[in-house]
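This is what each chain is made of:
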Amino acid sequence: MVFRRINQPQGVADTCPTERMRLGDFAPTGRTVYDPATGSGGANRVPFAGNVIPSSRSSHFARALLAVIPRPNVPTQALNFLGMQRIKENQLVWMLKIDHRFKDRHSVTTVFRYNWMESYENRSASQTKIHSNFYNDFPTAYHGLVHWDWILHPTLLCKFTFGGTDWFGDFRQTPHIDYRVPNAFGPGFPALRLAAHNLTAIGANVDRTVHSRIYNFQNALSWTRGAHKLKFGFRYDHQQDNTQTLGNKNGTYTFGPFASGLVGMATSGHAFASFLLGAPQTANVQFGLPYLAQPGAWNLRPGRLESDPAADA
């Protein structure tokens with residue numbers, strides 16, 4: 001059996017940085033953007049002239065990622081990107097069954113079943129699969145069963161059954177874009193979070209693999225005596241699960257208005273301005289369970305996270 005389903009609703013709307021914001025011009029936003037290299041502790045900062053961040057101040061991190069962040073296709077500040085959500089599922093299932101009777105008292109039934117499926121969801125298929133709810137899922141299952149009937153006596157039937165299932169799932173949400181943050185655990189695209197102004201999140205890092213094995217063996221003995229039937233038996237089950245959370249190995253970087261704002265002024269700063277300046281509010285990288293600090297090419301400085309261009313090359 002082969003099954004395929006494609007679902008493509010229209011009218012998915014996201015909020016992306018405007019063209020002027022991509023160039024560092026935040027005058028239309030009505031929010032004053034301050035230079036984090038001035039002042040101290042977020043106070044006494046000096047605003048950028050004309051509310052425009054010079055291109056020379058854009059971080060290497062921002063320049064590398066700007067190329068794949070979607071451009072607006074609607075001339076508005078909010079909900080300025082209209083796209084589509086494409087969901088595709090492919091499934092292949094086949095089964096083989098063999099019945100064989102060795103003698104009048106012995107018969108064997110063997111069943112083997114294979115189930116493979118791939119599932120894709122891409123919220124903005126025309127924009128290189130980078131939105132946060134893009135995912136690939138590839139579950140695969142093998143199932144086998146052997147059943148033996150043994151007639152010991154016309155009134156005594158013995159059944160043996162052995163079965164097993166091997167299931168593997170590979171779930172991927174990391175966008176297929178060739179960019180690696182220096183010294184990250186993984187080679188994939190990082191997750192970007194813009195923590196204000198309703199800007200759409202970019203990318204996700206919740207990859208995981210799940211491998212499960214289940215085996216069982218059972219025996220049943222049926223004894224018929226007159227109007228009565230007695231049954232005896234046992235069953236043994238073994239289950240093994242192995243889940244590997246690949247998780248946040250490419251890094252998650254959250255940008256807020258604080259890094260480009262002024263302490264005590266609620267209408268100052270902008271999340272995307274902080275992104276251009278390479279100044280995240282939070283940054284973390286995870287592989288497995290513990291969170292680990294990243295040494296090397298990332299240099300932590302007051303209010304700014306810089307990358308070494310030589311390490312990115």
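Fair warning: this is a prediction, and the values are worked out from it, not measured in the lab.

Peer 1: Mind laying out the overall build of the chain, listing which residues take part and the relevant values?
Peer 2: In terms of helices and strands, the chain carries four helices and 17 strands. Within the chain, the proportion of its 313 residues that are buried is 40%. At a minimum sequence separation of 6, the contacts of the chain that also span at least 24 residues come to 70%. When the accessible surface of the chain is summed, it comes to about 17,000 Å², and 58% of that surface belongs to carbon and sulfur atoms.

Peer 1: An account of the sheet that holds strand E15 (residues 282-284) is needed here, citing residue identities and associated values.
Peer 2: In space, the three strands of this open sheet follow the order E11-E14-E15, with mixed pairing throughout. The sheet terminates laterally at strand E11 (191-194) and E15, the two strands that pair on one side only. Strand-to-strand twist in this sheet, taken as the mean axis angle between neighbours without regard to direction, amounts to 10°. For strand E14 (residues 252-255) and E15, the ladder comprises three bridges, and the chain directions are antiparallel. If you follow Thr254 over to E15, its bridge partner there is Thr282.

Peer 1: Before we move on, could you go through the pairing of strand E9 (residues 140-153) and cite the residues and values that matter?
Peer 2: As judged from the 13 bridges shared by E9 and strand E10 (residues 156-172), these two strands associate in the antiparallel manner. Across the sheet, residue His153 finds its bridge partner in E10, namely Leu156. Taking the residues between adjacent antiparallel strands as the criterion, E9 and E10 are bridged by two residues.

Peer 1: Kindly report on the packing of aromatic side chains, identifying the contributing residues and their values.
Peer 2: A complete count under the given rule lists twelve aromatic pairs for this structure. Pairing Phe217 with Phe234 gives two aromatic rings, centres 5.7 Å apart and planes at 50°, and the pair type is tilted. One end of the pair, Phe217, is in strand E12 (residues 207-225); the other, Phe234, is in strand E13 (residues 228-247), with 17 residues separating them in the sequence. Its relative accessible area of 32% is what places Phe217 among the partly exposed residues. The partly exposed category is assigned to Phe234, whose relative accessible area is 45%. A centroid spacing of 5.4 Å and a plane angle of 85° characterise the contact between Phe255 and Phe275, whose relative ring orientation is edge-to-face. Of this pair, Phe255 sits in strand E14 while Phe275 sits in helix H3 (residues 271-277), and the two are 20 residues apart along the sequence.

What counts, and at which threshold
- Residues numbered from 1 in each chain as written.
- Predicted model: local features only at pLDDT ≥ 70, side-chain atom pairs only at ≥ 80, totals over all residues.
- Heavy atoms only, no water.
- Helix = DSSP H or I, 4+ residues; strand = E, 2+ residues; numbered from the N terminus.
- Buried < 20%, exposed > 50% of the residue type's maximum accessible area, 1.4 Å probe, protein only.
- Contact = heavy atoms within 4.5 Å.
- Areas by Shrake-Rupley, 256 points an atom, 1.4 Å probe, with all protein chains shown as cover.
- Pairing = 2+ DSSP bridges.
- Axes fitted to C-alpha atoms, helices over the stretch in contact; angles between N-to-C directions.
- Phe/Tyr/Trp six-rings, centres within 6.5 Å; stacked < 30°, edge-to-face > 60°.

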